[in-house]
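Notes for the structure review
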Amino acid sequence: MRQRSARDQKRLDSGQVTNPKDLENLQSEIASLARRQGDLEDVVLEVMERHEAATERAAELAQRVEAVQAKAEDAVARRDAALGEIDGEAGTVRAERDSVAGTVPADLLKLYEKIREQQGGVGAARLFQRRCEGCRLELNITELNEVRAAPEDEVVRCENCRRVLVRTPESGL
Ligand SMILES: [Zn+2]
């Protein structure tokens, strides 16, 4: 378009075009080309501005993606560390349990396992301040008297949840 405008201008300046109608046409075309060029320059400016904004936004998004990825990696690392710890603890507790189970008479262990299966994984509960810590119910006076009267090595059970009651100095007997 610039070339065409320059060519028109050259023809105009050369003085070769003498016909008034042709001169008028030429001048009109030059003016029209100049307007069109101005419009196109506006479009180019706008496109450049939009491109710049889009580039900035892309950089911003890339940064956010990076931040989220770092967070995700951190979370995975913490999860793995926690899992490792839990595995370690589970191993220790399992070993402790096995060692304690080895000292419990076979029939009592069998009873305990049976109750444990029925009572959601807890087969024995501490009797603490007259309350069964398995079902959280307080023993009534008759039940307490029975527990009091029972020899130390007798297995006593909660009348409510049937768990084995473990007597301690804090049992409230
Ligand atoms: Zn109970």
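Quick notes on the rules
- Residues numbered from 1 in each chain as written.
- Predicted model: local features only at pLDDT ≥ 70, side-chain atom pairs only at ≥ 80, totals over all residues.
- Heavy atoms only, no water.
- Buried < 20%, exposed > 50% of the residue type's maximum accessible area, 1.4 Å probe, protein only.
- Helix = DSSP H or I, 4+ residues; strand = E, 2+ residues; numbered from the N terminus.
- Arc of directions from axis to C-beta.
- Contact = heavy atoms within 4.5 Å.
- Polar contact = N/O pair within 3.5 Å; in protein donor to acceptor, adjacent residues only side chain to side chain.
- Donors = N, O, S within 2.8 Å, 3.2 Å for Na, K, Ca; no water.
- Tetrahedral: all angles 85-135°; square planar, octahedral: opposite > 155°, others 65-115°.
- Pairing = 2+ DSSP bridges.

Within the span of helix H4 (residues 141-149), buried status applies to Glu143, Leu144 and Val147. Projected onto a plane normal to the axis of H4, the buried residues spread over an arc of 100° and lie on a single side. In H4, the exposed positions angled more than 90 degrees off the buried face are occupied by Ile141 and Ala149. Next to the buried residues of H4 lie strand E1 (124-128). Of the residues flanking the start of H4, the one acting as N-cap is Asn140, its side-chain oxygen 3.1 Å from the backbone nitrogen of Thr142.

A few words on the coordination of the zinc ion. Within the first shell, the zinc ion binds the protein through Cys132 (SG), Cys135 (SG), Cys158 (SG) and Cys161 (SG), at distances of 2.3 to 2.4 Å. Taken together, the 4 donor atoms coordinating the zinc ion span angles of 107 to 116° at the metal, a pattern that classifies the geometry as tetrahedral. Spacing between the donor residues of the zinc ion along the chain follows C-x2-C-x22-C-x2-C. Here the residue Cys135 occupies a position in the loop between strand E2 (131-132) and H4, and Cys158 occupies one in the loop between H4 and strand E3 (164-166), the gap between them amounting to 23 residues. Judged by relative accessible area, Cys158 falls into the buried class, the value being 3%.

With that out of the way, let us pick up the pairing of E1. Of the strand pairs in this sheet, E1 and E3 are connected by 3 bridges, and their pairing is parallel. What sits directly across from Ala125, in E3, is Leu165. Two successive antiparallel strands, E1 and E2, enclose a turn made up of 2 residues, where Gln129 displays a positive phi of approximately 50°.

Glancing now at the environment of Val147. Examined against the element boundaries, Val147 turns out to sit in helix H4. On a C-alpha basis, the gap between Val147 and Lys21 in space is 127 Å, while along the polypeptide they are 126 residues apart. Setting aside its immediate chain neighbours within four residues, Val147 contacts Leu127, Leu139, Val156, Arg167 and Leu173.

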